[in-house]
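Understanding the architecture of this molecule
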Number of protein chains: 2
Amino acid sequence: MSLDPDLEAWLRLSLIDGLGPQSLRKLLLACGTPQDILGAGARDLGAVVPGNIVSAIRNGGAQDSALTAVTRWLADSANHVITFADSAYPQKLLEIADPPPVLYVKGRLDLLNQPGFAIVGSRNATAQGMGNAEAFAGTLSNAGLTVVSGLALGIDAAAHRGGLSGPASTLAVVGTGLDVVYPARNRDLAHRIAAQGTLISEFALGTPAVASNFPRRNRLICGLSRGVLVVEAAVSSGSLITARLAADQGREVFAIPGSIHSPLSKGCHALIKQGAKLVESAQDVLEELGGSFESPTKTPGTNDRAEEHPLLAHIGFDPVAADVLQQRSGLDAASVNSALTALELAGQIESLPGGRWQRIR
Amino acid sequence: MSLDPDLEAWLRLSLIDGLGPQSLRKLLLACGTPQDILGAGARDLGAVVPGNIVSAIRNGGAQDSALTAVTRWLADSANHVITFADSAYPQKLLEIADPPPVLYVKGRLDLLNQPGFAIVGSRNATAQGMGNAEAFAGTLSNAGLTVVSGLALGIDAAAHRGGLSGPASTLAVVGTGLDVVYPARNRDLAHRIAAQGTLISEFALGTPAVASNFPRRNRLICGLSRGVLVVEAAVSSGSLITARLAADQGREVFAIPGSIHSPLSKGCHALIKQGAKLVESAQDVLEELGGSFESPTKTPGTNDRAEEHPLLAHIGFDPVAADVLQQRSGLDAASVNSALTALELAGQIESLPGGRWQRIR
């Protein structure tokens with residue numbers, strides 16, 4: 001089995017050591033597709049990235065050996081690599097400052113664009129706190145919100161369990177490669193999520209647990225979500241960092257109060273003092289979010305007929321030229337052009353300089 | 001022992017059945033002093049109050065027998081009747097919509113114009129709730145805030161106990177006559193407050209515990225205070241009514257959070273959702289109130305020398321003529337006039353139409 005050439009180009013770039021999401025996005029803007037980047041001249045590349053990255057790209061990016069693991073991993077039909085170019089890419093992530101161009105996904109792809117809601121909190125949670133997390137998550141999943149969390153012990157694990165009990169299930173964003181289960185005590189839970197929900201990571205396969213990767217992971221947890229609930233958290237904890245990231249991303253922050261004598265309520269109380277919504281029940285969350293968690297592809301102004309046009313499946317969030325769309329779709333030039341016009345009028349795509357097109361939502 | 005004629009006039013009016021604070025204030029505005037009201041014609045009175053009240057006033061107001069109990073009660077030097085005309089009248093109460101013209105006071109008069117802070121909550125409080133109330137009250141009393149509450153069981157009693165432990169002590173606003181101790185289980189506490197703090201009531205001596213009087217009492221609890229802290233409260237409880245009154249009066253509302261599974265935290269959580277400040281410590285309260293709880297007579301612009309002029313002691317919050325001040329103070333007309341000018345320039349009093357004067361603060 002070999003990789004699709006487009007996907008291979010995305011991976012060869014994203015697996016270059018030292019080439020982060022921001023630089024890769026700049027290269028896409030400057031050069032076009034990943035294949036365009038791999039074919040670009042040193043001068044064009046050098047205007048965007050430093051010399052060692054230019055050399056790596058000019059040498060074809062990550063070497064064959066680095067792709068072998070991905071190819072083998074993708075042999076399991078539960079596993080996927082999703083890029084900016086895919087319509088399955090989570091649209092909510094495009095709202096954040098630093099969306100990862102490549103995501104590794106295990107499990108259901110459909111959850112990536114379901115309305116999500118993050119539940120996070122302490123690894124050393126109380127039994128009551130974990131009970132609250134699981135109960136809130138269950139109610140929210142039953143109400144159609146996919147419960148997003150970080151697969152950590154304590155509150156995260158309880159939130160995933162609750163999410164799995166409802167139809168909207170759960171989405172675990174992990175801070176390691178998807179072939180590394182961390183923490184090991186959550187192995188069974190990770191297997192259940194892979195079967196009934198979704199695990200995602202922006203980190204390459206084999207990436208071990210590294211402290212500095214967890215804050216990056218946290219920005220995706222809130223980026224994928226309509227809001228973030230902090231269930232129990234000490235002051236100066238990772239959960240408060242996630243809540244701050246969420247507020248920076250324009251996500252609503254919620255917190256569950258508790259005794260003023262409980263150290264694990266102090267983080268929640270600090271958030272409420274700073275403006276987070278105090279919630280006593282999942283119903284409070286649902287009322288606050290209102291009807292806004294219907295499927296994001298059903299926003300007002302959407303033309304359902306245009307949305308269903310098969311060409312849309314070939315247009316991602318990176319710019320693509322009409323002739324590439326002809327190749328991808330097998331349609332003739334006239335059909336592609338009329339579909340592009342219809343999709344643009346429906347607000348699904350926009351035209352860019354140079355005859356390129358990209359998805360808006 | 002007989003009553004001072006001014007005080008007797010206040011009492012004869014305030015003890016008329018059916019003549020409430022609002023009507024009495026209207027009569028004062030229309031006629032002048034209580035003695036002026038008692039001497040007014042039926043037409044002038046009839047323009048303000050209904051016929052039965054006009055008749056009662058024209059008959060000299062409350063009869064001698066009604067004053068006997070007050071005279072006997074005032075024989076105890078701890079007991080006082082304070083009216084709008086007294087400089088000891090709590091200035092904070094003049095900010096509310098319906099200040100009582102006459103207050104019965106037992107204990108320290110000086111606390112009436114100290115910065116106050118109300119702590120209220122459930123009669124059926126938890127041990128933790130009462131511990132919190134007492135601890136917060138102790139810290140606030142030590143920081144110079146007189147703890148105001150309603151002498152009910154539970155949170156109120158705990159707040160008073162905490163207030164008594166600090167120098168700013170405590171002020172109990174009761175919903176009965178001051179010669180009626182209700183509830184009886186707080187008898188010892190009431191005696192301690194009479195000795196080291198202050199009990200006040202707007203209700204005539206002998207007034208029993210009547211349900212409808214407690215909401216009226218609550219408006220004074222918050223009226224006397226810079227802010228109100230609700231420690232534990234069920235939803236639809238009297239404490240929430242007090243909090244709403246406080247907000248209507250422009251007082252800051254504070255609440256202590258607790259478990260989402262505790263019925264006695266639900267009232268506090270409801271308040272926080274509506275905008276009350278969540279507090280975890282008395283320090284939170286002090287920080288929120290800032291330096292604003294220094295003595296209210298030390299507001300900026302106050303001229304301390306003028307403030308100390310002995311004439312000020314004879315000027316209350318009802319209008320008074322210069323010749324009355326001559327009689328009260330024993331000063332000659334020239335001294336009174338120069339003192340009035342100095343006090344007006346210092347912003348302590350203002351001149352009113354008809355050559356009358358009254359205190360501003």
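First things first, this report covers the structure right here in the doc. (Residues numbered from 1 in each chain as written. Chains lettered and ligands numbered in written order. Predicted model: local features only at pLDDT ≥ 70, side-chain atom pairs only at ≥ 80, totals over all residues. Heavy atoms only, no water.)

**With respect to helix 12 (residues 263-273) of chain B**
One turn of an α-helix holds 3.6 residues; hence residues three or four places apart share an orientation. All names here are of chain B. Operational definition: Categorising residues by exposure relies on relative accessible area from a 1.4 Å probe, with only protein chains included: less than 20% of the type maximum marks a residue as buried, more than 50% marks it as exposed, and the intermediate range marks it as partly exposed. Working definition: helices are DSSP H or I runs of at least four residues, strands are E runs of at least two. Numbering for both runs from the N terminus.
Of all eleven residues making up helix 12, eight are buried, and the element is well covered by its neighbours. Within helix 12 the residues assigned to the buried category are Leu264, Ser265, Gly267, Cys268, His269, Ala270, Leu271 and Ile272. Positive phi appears at Gly275, one or two residues downstream of helix 12, with a value of about 120 degrees.

**Remarks on the relation of the copies chain B and chain A**
What counts, and what does not: We superpose the copies by least squares over the C-alpha atoms of residues that have a pLDDT of at least 70 in both of them. What makes two residues a contact is simply this: any of their non-hydrogen atoms within 4.5 Å.
Superposition record for chain B on chain A: RMSD 0.1 Å, screw rotation 180 degrees, translation along axis 0.0 Å. The transformation relating the two chain copies, once decomposed into turn and shift, fits a two-fold axis. Closest approach to the rotation axis among the C-alpha atoms of chain B is made by B:Gly258, whose C-alpha sits 2.1 Å away. Counting the interface residues of chain B, we find that 100% of their copies in chain A are interface residues as well, pointing to one common contact surface.

**What to know about unusual backbone geometry**
Residue and element names in this part refer to chain A. In this model, Leu151 sits at a positive phi of 60 degrees, which is unusual for a non-glycine residue. Position of Leu151 relative to the elements: it lies in the loop between strand 4 (146-149) and helix 8 (155-164). By relative accessible area, Leu151 is classed as buried at 2%. Even without a glycine there, the phi angle at Ser169 is positive, about 55 degrees. Along the chain, the position of Ser169 falls in the loop between helix 8 and strand 5 (170-173).

**Quick word on the sheet that holds strand 4 of chain A**
Residue and element names in this part refer to chain A. Rule in force here: Paired strands, as defined in this entry, are two strands with at least two bridges between them according to DSSP.
With mixed pairing, the nine strands of this open sheet are ordered in space as 1-2-6-5-4-3-7-8-9. Two strands bound the open sheet, and with one partner strand each, they are strand 1 (79-83) and strand 9 (277-278). Here three bridges tie strand 4 to strand 5, and the two strands are oriented parallel to one another. When the sheet's bridge partners are listed, Val147 is paired in strand 5 with Thr170.

**Here we look at the packing of helix 7 (residues 127-142) of chain A against helix 8 of chain A**
All names here are of chain A. Test applied: Angular values range over 0 to 180 degrees, each being the angle between N-to-C directions of two axes fitted as lines to C-alpha atoms, with helices fitted over their stretch in contact. Handedness of each helix crossing follows the sense of rotation of the near helix against the far helix: counterclockwise by less than a right angle gives left-handed, clockwise gives right-handed.
The contact between helix 7 and helix 8 brings their axes to 7 Å, and the two run at 30 degrees. Helix 8 is crossed by helix 7, and the crossing has right-handed handedness. Across from Gly129, Met130, Ala133, Glu134, Ala137, Gly138 and Ser141 in helix 7, the residues of helix 8 making contact are Ile155, Ala158, Ala159, Arg161, Gly162 and Gly163.

**Here we look at the nonpolar core**
Within soluble globular proteins, side chains that are nonpolar tend to cluster in buried spots. Convention followed: For the purposes of this section, nonpolar cores are sets of buried Ala, Val, Leu, Ile, Met, Phe, Trp, Tyr and Cys residues that join through side-chain atoms within 4.5 Å.
Counting 139 residues, the largest nonpolar core has A:Leu11, A:Ile37, A:Val81, B:Leu11, B:Ile37, B:Ile57 and B:Val81 as the members making the most contacts within it. Not counting the four nearest positions on each side in its chain, A:Val81 is found in contact with A:Leu7, A:Leu11, A:Val70, A:Trp73, A:Leu74, A:Asp86, A:Val102, A:Leu103 and A:Tyr104.

**Some remarks on the side chain of A:Thr207**
All names here are of chain A. This is how it is decided: Side-chain atoms alone can form a polar contact between residues adjacent in sequence; in general such a contact is a pair of N or O atoms within 3.5 Å, and within protein one must be able to donate a hydrogen while the other accepts it.
Within the element layout of this structure, Thr207 appears in the loop between strand 6 (198-201) and helix 10 (213-223). A distance of 2.6 Å separates a polar side-chain atom of Thr207 from the backbone oxygen of Ala204. If we ignore the near neighbours within four places in the chain, the residues touching Thr207 are Thr176, Gly177, Val180 and Asn213.

**Considering the pattern of salt bridges**
We count it as follows: A pair is scored as a salt bridge if a Lys or Arg side-chain nitrogen falls within 4 Å of a carboxyl oxygen belonging to Asp or Glu.
Here the structure, examined in full by the defined rule, presents 26 salt bridges over all chains. For the salt bridge of A:Lys92 with A:Glu95, the shortest nitrogen-to-oxygen distance reads 3.3 Å. Accessibility expressed as a relative area gives 47% for A:Glu95, which makes it partly exposed. The partner of B:Lys277 in a salt bridge is B:Glu288, with the nearest N and O atoms 3.5 Å apart. Taken together, the residues B:Lys277 in strand 9 (residues 277-278) and B:Glu288 in helix 13 (residues 282-289) connect sequence positions eleven residues apart. Through salt bridges with shared partners, a single ionic network connects A:Arg25, A:Asp98, A:Glu202, A:Arg216 and A:Arg219.

**Considering the pairing of strand 1 (residues 79-83) of chain B**
All names here are of chain B. Within strand 1, five of the five residues are buried, which leaves the element mostly enclosed by the surrounding structure. Along strand 1, one buried face is formed by Asn79, Val81 and Thr83 and the opposite face, lined by His80 and Ile82, is buried too. As paired elements, strand 1 and strand 2 (residues 102-107) share five bridges and run antiparallel to each other. Across the sheet, the residue bridging to Val81 is Tyr104, located in strand 2.

**Examining the interface of chain B and chain A**
Threshold: When two parts are put together, the accessible area they lose, computed with a 1.4 Å probe and summed over both, is reported as buried area. Under the convention adopted here, Pro, Cys and the residues Ala, Val, Leu, Ile, Met, Phe, Trp and Tyr are nonpolar, Asp, Glu, Lys and Arg are charged, and Gly plus all remaining residues are polar.
Every contact between the two is made by 17 residues of chain B and, on the other side, 17 residues of chain A. Among the residues of chain B in contact with chain A, B:Ile260, B:Lys273 and B:Glu280 are the three that bury the most area, contributing 44% of the side total. Here chain B and chain A share four salt bridges between them. Here A:Asp284 makes a salt bridge to B:Lys273, at a shortest N to O gap of 2.7 Å. Between the two partners, chain B and chain A, sit ten residue pairs in polar contact (both at pLDDT 80 or more). Secondary-structure elements contributing two or more residues to the side of chain B that touches chain A are helix 7 (127-142) and helix 12 of chain B. Among the elements that make up the side of chain B that touches chain A, the one with the highest residue count is helix 12 of chain B (four residues). Class assignment for the residues of the side of chain B that touches chain A results in seven nonpolar, six polar and four charged.

**Re the pairing of strand 4 (residues 146-149) of chain B**
All names here are of chain B. Applied cut-off: Handedness of a crossover is defined as follows: orient the strands so they point away from the viewer, and if the path from the first strand over the helix to the second runs clockwise, the crossover is right-handed.
Residues Thr146 and Val148 of strand 4 are buried on one face, and the alternating residues Val147 and Ser149, pointing to the opposite face, are buried as well. Bridging between strand 3 (residues 116-120) and strand 4 involves three bridges; their strand directions are parallel. Bridged to Ala118 within strand 4 is Val148. Read as a crossover between parallel neighbours, the route from strand 3 over helix 7 to strand 4 is right-handed. In this view, the connection linking strand 4 to its parallel neighbour strand 5 (residues 170-173) by way of helix 8 (residues 155-164) has right-handed handedness.

**Section: the sheet that holds strand 7 (residues 227-230) of chain B**
Residue and element names in this part refer to chain B. Taken in spatial order, the nine strands of this open sheet run 1-2-6-5-4-3-7-8-9, and their pairing is mixed. Each edge of the open sheet is held by one strand with a lone partner, namely strand 1 and strand 9. Relative to strand 9, strand 8 (residues 252-255) runs parallel, the two being bridged by two bridges. Paired with Ala255 across the bridge in strand 9 is Leu278.

**Let's talk about the side chain of A:Arg251**
Residue and element names in this part refer to chain A. Turning to its location among the elements, Arg251 is positioned in the loop between helix 11 (238-248) and strand 8 (252-255). A distance of 2.6 Å separates the side chain of Arg251 from the side chain of Glu95, its partner in a polar contact. Of the polar contacts made by the side chain of Arg251, one reaches the backbone oxygen of Ser225; its length is 2.8 Å. Not counting residues within four places of it along the chain, the set of residues in contact with Arg251 comprises Lys92, Glu95, Ile96, Cys222, Gly223, Ser225, Arg226, Gly227 and Ala246.

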